[in-house]
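# A look at the structure
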Amino acid sequence: MSDLATPAVSAVPPAVRRLPWGQMLSQLQSVIRLELRKNFFGRRGFGIWLLALSPVLITLIRFIKPERLLDGPAADATQFFSFLFQIYALRVALFLTCVAVFGNMIRREVLDRTLHYYFLTPIRRELLVVAKYTTGVLVTVPLFVFSTVVAFALSYLPHQDARAFFFHGPGLQHLGSYLLVTVLACIGYGGVFLLFGSLFRSPAIPALAVMGWEGLHFLLPPLLKKISVIHYLQSLCPVPMSEGPFAILSDAPSPWLSIPGLILLTGVLVAVSAWRIRGMEVSYEEE
């Protein structure tokens, strides 16, 4: 694959080498507002909204004949939502949304031939990357937090003992765990695909490779599982999923390792993306 841009020989202009914190914060906010208005509140954002809300649409299907669920225990809803969240929401809907949002942060600017406008402004390129990453987090986290809460509530709503499960059982604790996993997934996958978007002409093929790696992580030996994002996220889910008779067993990482580990990894990925864009010069190519 060809790179989006080639390293530039010229150094960063002296005027943008050092900026006061107040001015940097103002620039950060300006880029975030522009990115939100330009990319996520128009026709471009429709597919993202649809993907994020698709788990809610799936839970609504159960309401076609809710009388079948009235006599069923809340444990049935627990298994249903665990499967929906871990198999579909996390591995498909959230994954593909992060590819679309973060993977196109740089690529879209190249396709629209607008990246050079950012480069001509007195803003550090590292700050531009941070602003774009922050924009993606501000889009994906609220969308999937909302989707998770609504889908979780709708999964239990038809069951008669749902109130007892929420207020006298582990319901709220389960919801909190799912929300934590949702936030960490947006942060972690966002860092991965932000980097891919700055390295590759199209993030689609590397994204498919990552999806295959994540999907087959249960077949990987314990050492290789440690470089799979889903390995850490799945260990934080309150209801474990059966991985089948062919899964290779390994110890689940502790939350005290999973959470800071994913955040640290994301910081490294964003830093590499910032380093990458610092030496870029615009080279628009015909598609």
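For the structure, check the block above.
Residues numbered from 1 in each chain as written. Predicted model: local features only at pLDDT ≥ 70, side-chain atom pairs only at ≥ 80, totals over all residues. Heavy atoms only, no water.

### Thoughts on the overall build of the chain
Scanning the chain from N- to C-terminus turns up 13 helices and two strands. Scored against the burial criterion, the 287 residues of the chain give a buried share of 46%. Put simply, of all contacts in the chain between residues at least 6 apart along the chain, 83% involve residues at least 24 apart. (Helix = DSSP H or I, 4+ residues; strand = E, 2+ residues; numbered from the N terminus. Buried < 20%, exposed > 50% of the residue type's maximum accessible area, 1.4 Å probe, protein only. Contact = heavy atoms within 4.5 Å.)

### Description of the environment of Gln-173
Considering the arrangement of structural elements, one finds Gln-173 in helix H9 (residues 171-199). Residue classification places Gln-173 among the exposed residues on the basis of a relative accessible area of 59%. Sequence separation between Gln-173 and Pro-238 is 65 residues, and the spatial gap between their C-alpha atoms is 8.3 Å.

### Observations concerning the packing of aromatic side chains
Taken as a whole and assessed by the stated rule, the structure comprises 15 aromatic pairs. Aromatic side chains Phe-152 and Tyr-178 sit 6.0 Å apart centroid to centroid with 55° between the ring planes, which places their arrangement in the tilted category. Of this pair, Phe-152 sits in helix H7 (residues 125-156) while Tyr-178 sits in helix H9, and the two are 26 residues apart along the sequence. With respect to burial, Phe-152 and Tyr-178 carry one shared label: buried. In textbook terms, an aromatic cluster arises when at least three aromatic residues are bridged by ring pairs, as seen for Phe-81, Phe-85, Phe-152, Tyr-156, Phe-165, Phe-166 and Tyr-178. (Phe/Tyr/Trp six-rings, centres within 6.5 Å; stacked < 30°, edge-to-face > 60°.)

### A few points about the nonpolar core
Residues Phe-85, Phe-102, Phe-152, Tyr-156, Tyr-189, Phe-193 and Leu-233 are the most contacted members of the largest nonpolar core, which totals 73 residues. Apart from the residues lying within four places of it in its own chain, the contact partners of Tyr-156 are Ala-74, Ala-77, Thr-78, Ala-162, Phe-165 and Phe-166. (Core = buried A, V, L, I, M, F, W, Y, C linked by side-chain atoms within 4.5 Å.)

### Describing the packing of H7 against helix H13 (residues 255-278)
In the contact formed by H7 and H13, the axes pass within 8 Å of each other and the chain directions differ by 135°. It follows from the interaxial angle that H7 and H13 lie oblique. The element H7 and its partner H13 pack so that their crossing is right-handed. Between H7 and H13, the contacting residues are Arg-125, Glu-126, Leu-128, Val-129 and Tyr-133 on the first element and Thr-266, Val-270, Ser-273, Ala-274, Ile-277 and Arg-278 on the second. The residue inventory of the contact of H7 with H13, partitioned by class, reads six nonpolar, two polar and three charged. (Axes fitted to C-alpha atoms, helices over the stretch in contact; angles between N-to-C directions. Parallel < 35°, antiparallel > 145°, perpendicular 65-115°, else oblique. Left-handed = near helix turned anticlockwise from the far one by under 90°. Nonpolar A, V, L, I, M, F, W, Y, C, P; charged D, E, K, R; others polar.)

### Here we look at the state of the cysteines
Within this structure, the stated rule accounts for zero disulfides. Of the cysteine sulfurs around Cys-98, a residue in no disulfide, the closest is that of Cys-186, at 4.9 Å. For Cys-186, a relative accessible area of 0% puts it in the buried group. (Disulfide = S-S within 2.5 Å.)

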